[in-house]
Amino acid sequence: MGFSAGEAEWRARLGTLRQVVRQELVSRQLAAHLPDLPPRRVLDVGCGQGTQALQLARRGHMVTGLDASPRLLDDFRAALAEVPVEVGDRVRLVEGDAERLADLFAPSGFDVVLCQGVLMYFADPGPLLDAVGRVLAPGGIVSLLVRNGDALAMRPGLLADWEDAEQAFEGDSYRNRIGVRARADRLEELAAALARRAMPVRQWYGVRVFTDTAASDAALPDAATLDAVLRCEERAGRTDPYRRVAALLHVIAERREPGHDPSDGL
């Protein structure tokens, strides 16, 4: 597995409906757990072109972006050139692999860790979750965006791809829209893995309940329609049963103090 094989396709689809819905919903959901004050030390693992990192820098947080792709980091730098100097000064970019997270950064060095759209490219996410727990300070939060393994058959089923739908019921792997074989996470298993690392789940959301089957190159609708789409997606993403069949899960977990009861929040 590896994102690099689909990087060009990813870059080509930035700004499309599916991507805008994803980024906007994640930003809104995260904001509910991350007030602007006091400013936090944020690490964005797999920051890519920097959509979420820049949002947080604009809000006053100090952001470190980590990515292995020189091309995506160049995209991020180009975006930084377009923002006010005081915003750009809050951002530091580091080129490196997520696997080296614990070697690159000091223990408890961050108040917030974003790891969005990254775990799906790891056959075994355990070592990366260990590293996230190491660099996250007690009381800090982690934001994980993962493919929903409990609803893996939804997209192929709604697209009448019955062969893939049948296979999805039994497995945890899939071929994503950028052509890469990736892995899905089941909510209860992910929550248990986080709890074992003293990072119990605080809240979780669904992302792209209604728009996941939109064409990969679907353009944005007019502003009024987009607002309606986002309102419906945002409500569905926090409401059962809709959020349980979302394409993606956005999981917010909190790093507990040593000795605290690590029971999860589900």
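Now for a look at the structure at hand. (Residues numbered from 1 in each chain as written. Predicted model: local features only at pLDDT ≥ 70, side-chain atom pairs only at ≥ 80, totals over all residues. Heavy atoms only, no water.)

Considerations on the sheet that holds strand β4 (residues 110-116)
Right, so step 1: The strand order across the open sheet formed by 7 strands is β3-β2-β1-β4-β5-β9-β8, and the pairing between neighbours is mixed. Among the strands making up the open sheet, the edge pair consists of β3 (91-95) and β8 (201-207). With direction set aside, neighbouring strand axes in the sheet form an average angle of 15 degrees.
Right, so step 2: In the sheet, strand β2 (residues 62-67) pairs with β3 via 5 bridges, with the strands oriented parallel. The residue bridging Leu 66 from the neighbouring strand is Val 94, located in β3.
Right, so step 3: Sitting on the sheet, helix α7 (residues 126-135) is in contact with β1 (41-45), β4 and β5 (136-147), with an inclination near 150 degrees to β5. (Pairing = 2+ DSSP bridges. Helix = DSSP H or I, 4+ residues; strand = E, 2+ residues; numbered from the N terminus. Axes fitted to C-alpha atoms, helices over the stretch in contact; angles between N-to-C directions. Contact = heavy atoms within 4.5 Å.)

Considerations on the packing of aromatic side chains
Right, so step 1: Counting across every chain of the model gives 4 aromatic pairs.
Right, so step 2: A ring pair is formed by Phe 3 and Tyr 121, whose centres lie 5.7 Å apart and whose planes are at 70 degrees; its orientation type is edge-to-face. Here Phe 3, found in the segment before α1 (7-12), pairs with Tyr 121, found in the loop between β4 and α7; they are 118 residues apart in sequence, far enough to count as distant.
Right, so step 3: Among the aromatic residues, those joined into a cluster by ring pairs are Phe 3, Trp 10 and Tyr 121.
Right, so step 4: Across the ring face of Tyr 174, the terminal group of Arg 147 is positioned such that the distance to the ring centre comes to 4.3 Å.
Right, so step 5: Against the face of Trp 204 rests Arg 243, its NZ or CZ located 3.6 Å from the ring centre. (Phe/Tyr/Trp six-rings, centres within 6.5 Å; stacked < 30°, edge-to-face > 60°. Lys NZ or Arg CZ within 6 Å of the ring centre and 35° of its normal.)

Focus on the pattern of salt bridges
Right, so step 1: Under the defined criterion, the tally for this structure stands at 16 salt bridges.
Right, so step 2: The partner of Asp 130 in a salt bridge is Arg 197, with the nearest N and O atoms 2.6 Å apart. Separated by 67 residues along the polypeptide, Asp 130 in helix α7 and Arg 197 in the loop between α10 (187-196) and β8 bring together distant segments of the chain.
Right, so step 3: In the salt-bridge network here, residues are joined through shared partners; they are Arg 18, Arg 155, Arg 208 and Asp 212. (Salt bridge = Lys/Arg side-chain N within 4 Å of Asp/Glu carboxyl O.)

A word on unusual backbone geometry
Right, so step 1: Geometrically, the link from Leu 37 to Pro 38 is a cis peptide bond, its omega value of -5 degrees lying close to zero.
Right, so step 2: Structurally, Pro 38 is set in the loop between α2 (17-31) and β1.
Right, so step 3: Residue Pro 241 follows Asp 240 across a cis peptide bond; omega there is 5 degrees.
Right, so step 4: Note on placement: Pro 241 falls in the loop between α11 (223-237) and β9 (248-254).

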